[in-house]
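# Notes for the structure review
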Amino acid sequence: MTPKIARFLSEQQPATPCLVLDVDRVESNFRALSAALPLARIYYAVKANPAQAVLERLAGLASCFDAASFEEIEACLAAGARPEAISFGNTIKKAAAIRHAYEAGVRLFAFDSAEELDKLARFAPASRVYCRLLVENEGADWPLSRKFGTSIETARDLMLRAGELGLDPYGLSFHVGSQQTDTSSYQAAIGRVAMLFTDLKEAGVNLRMVNLGGGFPTPYRDAVPEIDRFGDAIMGAMTRHFGNALPEMIIEPGRFIVGDAGVVSAEVVLVSRKAKDDPVRWVYLDIGRFGGLAETEGEAIKYRFATRHDGKPTGPVAIAGPTCDGADILYERSNYRLPLGLESGDRVEILSAGAYVTTYASQRFNGFLPLAEHYV
Ligand SMILES: *Cc1c(COP(=O)(O)O)cnc(C)c1O
């Protein structure tokens, strides 16, 4: 937790649950990533936290933006981003959204299928397009499954076709999965991209850009490799495969930029045991799966908790949310322990909760309001 967040929590005692996010930390994360990968241009993945305060700070740092919808494009423009600094990175776009983005001046689009490419040719003529490859997500705590990307062979055909359709076949992209803790996952993907670069060059298509996606991790319960290790791994692989002919490089970090900039302040609603001699206590918080902690599904993202009892003896717990839904359990199998003195009414701080929380909250499920947000 940053000193600014700690001060805000103790001075303001805001109603829980709420997110408190330190925008200065957003800036220092942006600078750390720029320093680790100075040759890559940063396109912040807006979906990780689309708050105006975050977008404005990043726009002021001349960040570019990766948007998933026209609504996110509008938010970037409202925060001061130029349309040329925005990539419409979702491979699944309604025709109307493509048209609106094009009318707003956006000229960089992702795709991974023939039908999407046809839509782009029709509604965003002559734009720069990049094809997303399907790559391994091993090592990622929040993998992206097979929903996105296409095979090398299909990507080759589609990039040839892009030129025939009057689009600018600009580059290739991949995403190694979110909260990726294995630096070598980028290296393997870069190798695949480089092969296709060569292959397409022989076919007369000169690609100019590699989009390495996001995935850079935030420390949660477990430590993660330093960002410089990712920078070294990526630059090593890029140089090995491309030599002096380095293409333009794009990265799309979301979690790394905002994750450890935010803390969710919550309250213990209840502590109970299923039987008198059961060692496991059930700790129910006023935020759960539906209040924004959606990434605890499958206990994938393991948040760290801080309480006023820290340093005192602990015991095993299951941790759950406040709704009447049986799926609203954060952790039951991940061996969490919390202080034995914890009781209802205590505040619990959920650390590194600045990414993928505010917008994952449901609207009034069980009557609970969406998560309050404070940007300091
Ligand atoms: C979600 C997403 C990102 C951001 O991923 P992080 O793991 O938060 O860095 C980047 N690019 C694309 C295409 C995405 O869908």
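Note that this is a predicted model, so its numbers are computed, not measured.

## A look at the pattern of salt bridges
Counting across every chain of the model gives 19 salt bridges. As a salt-bridge pair, Arg161 and Asp118 come within 3.5 Å of each other at their nearest N and O atoms. Taken together, the residues span a long stretch of sequence, with Arg161 in helix α7 (residues 152-164) and Asp118 in helix α6 (residues 114-123) at a distance of 43 residues. With a closest N to O distance of 3.7 Å, Glu343 and Arg308 form a salt bridge. Placement of Glu343 in the loop between β17 (337-339) and β18 (347-351) and of Arg308 in the loop between β14 (304-307) and β15 (314-320) is noted, with a sequence separation of 35 residues between them. Through salt bridges that share partners, Lys4, Asp22, Asp24, Glu27, Arg31 and Arg57 make up one connected network.

## Observations concerning the packing of helix α2 (residues 23-36) against helix α3 (residues 52-60)
The contact between α2 and α3 brings their axes to 10 Å, and the two run at 40 degrees. In terms of orientation, α2 lies oblique with respect to α3. Read as a crossing pair, α2 and α3 show a hand that is right-handed. Contacts between α2 and α3 involve Val23, Asp24, Val26, Glu27 and Phe30 on the former and, on the latter, Ala53, Val54, Arg57 and Leu58. The residue inventory of the contact of α2 with α3, partitioned by class, reads six nonpolar, no polar and three charged.

## Some points on the domain arrangement of the protein chain
For the protein chain, the domain assignment lists domain 1 (50-253) and domain 2 (260-375). Taken over C-alpha atoms, the centre of domain 1 sits 34 Å from the centre of domain 2. Taken residue by residue, the interface counts 12 residues in domain 1 and 19 residues in domain 2. Note on domain 1 versus domain 2: buried area summed over both sides is about 1,200 Å², and carbon and sulfur give 63% of it.

## Concerning the site of the ligand
With respect to spatial proximity, 13 residues lie near the ligand, and among them Lys47, Ser178, Glu252, Arg255 and Tyr356 are the closest. One of the side-chain nitrogen or oxygen atoms of His175 is found 3.0 Å away from an oxygen atom of the ligand. Interatomic distance of 2.4 Å between a side-chain N/O atom of Ser178 and an oxygen atom of the ligand. Burial of the ligand by the protein chains amounts to 91% of its free accessible area of 390 Å². Class assignment for the residues of the shell around the ligand results in three nonpolar, five polar and five charged.

## Concerning the packing of aromatic side chains
Enumeration over the complete set of coordinates arrives at 11 aromatic pairs. Centre to centre, the rings of Tyr186 and Phe230 are 6.0 Å apart; their planes meet at 85 degrees, and the pair counts as edge-to-face. Of this pair, Tyr186 sits in helix α8 (residues 184-202) while Phe230 is found in helix α9 (residues 227-242), placing the two residues 44 residues apart along the sequence. One exposure class covers both Tyr186 and Phe230, and it is buried. A ring pair is formed by Tyr331 and Tyr336, whose centres lie 4.2 Å apart and whose planes are at 25 degrees; its orientation type is stacked.

## A word on the nonpolar core
Formed by 106 residues in total, the largest nonpolar core has its most connected members in Tyr44, Phe65, Phe174 and Ile350. Here this core gets eight residues from one element, more than from any other, and that element is α8. Two domains each donate at least three residues to this core, and these are domain 1 (50-253) and domain 2 (260-375). Setting aside its immediate chain neighbours within four residues, Phe65 contacts Tyr43, Tyr44, Val46, Leu55, Leu58, Ala59, Cys76, Ala81, Ala85, Ile86 and Ser87. Core analysis: the next-biggest nonpolar cluster, separate from the first, contains nine residues, Tyr43, Cys64, Leu108 and Ile250 among them.

## Quick word on the pairing of strand β11 (residues 248-251)
Where strand β2 (residues 40-45) and β11 come together, three bridges link them in parallel fashion. Within β11, the position partnered with Arg41 by the bridge is Ile250. Judged from the three bridges that link them, strand β10 (residues 209-211) and β11 form a sheet pairing that is parallel. Across the sheet, Val210 pairs through a bridge with Met249, a residue of β11. Crossover β10 to β11 through α9 is right-handed.

Quick notes on the rules
- Residues numbered from 1 in each chain as written.
- Predicted model: local features only at pLDDT ≥ 70, side-chain atom pairs only at ≥ 80, totals over all residues.
- Heavy atoms only, no water.
- Salt bridge = Lys/Arg side-chain N within 4 Å of Asp/Glu carboxyl O.
- Helix = DSSP H or I, 4+ residues; strand = E, 2+ residues; numbered from the N terminus.
- Axes fitted to C-alpha atoms, helices over the stretch in contact; angles between N-to-C directions.
- Parallel < 35°, antiparallel > 145°, perpendicular 65-115°, else oblique.
- Left-handed = near helix turned anticlockwise from the far one by under 90°.
- Contact = heavy atoms within 4.5 Å.
- Nonpolar A, V, L, I, M, F, W, Y, C, P; charged D, E, K, R; others polar.
- Domains from an automatic or database assignment.
- Buried area = accessible area lost by both parts, 1.4 Å probe.
- Near = heavy atom within 4 Å.
- Polar contact = N/O pair within 3.5 Å; in protein donor to acceptor, adjacent residues only side chain to side chain.
- Areas by Shrake-Rupley, 256 points an atom, 1.4 Å probe, with all protein chains shown as cover.
- Phe/Tyr/Trp six-rings, centres within 6.5 Å; stacked < 30°, edge-to-face > 60°.
- Buried < 20%, exposed > 50% of the residue type's maximum accessible area, 1.4 Å probe, protein only.
- Core = buried A, V, L, I, M, F, W, Y, C linked by side-chain atoms within 4.5 Å.
- Pairing = 2+ DSSP bridges.
- Right-handed = clockwise from strand over helix to strand, strands pointing away.

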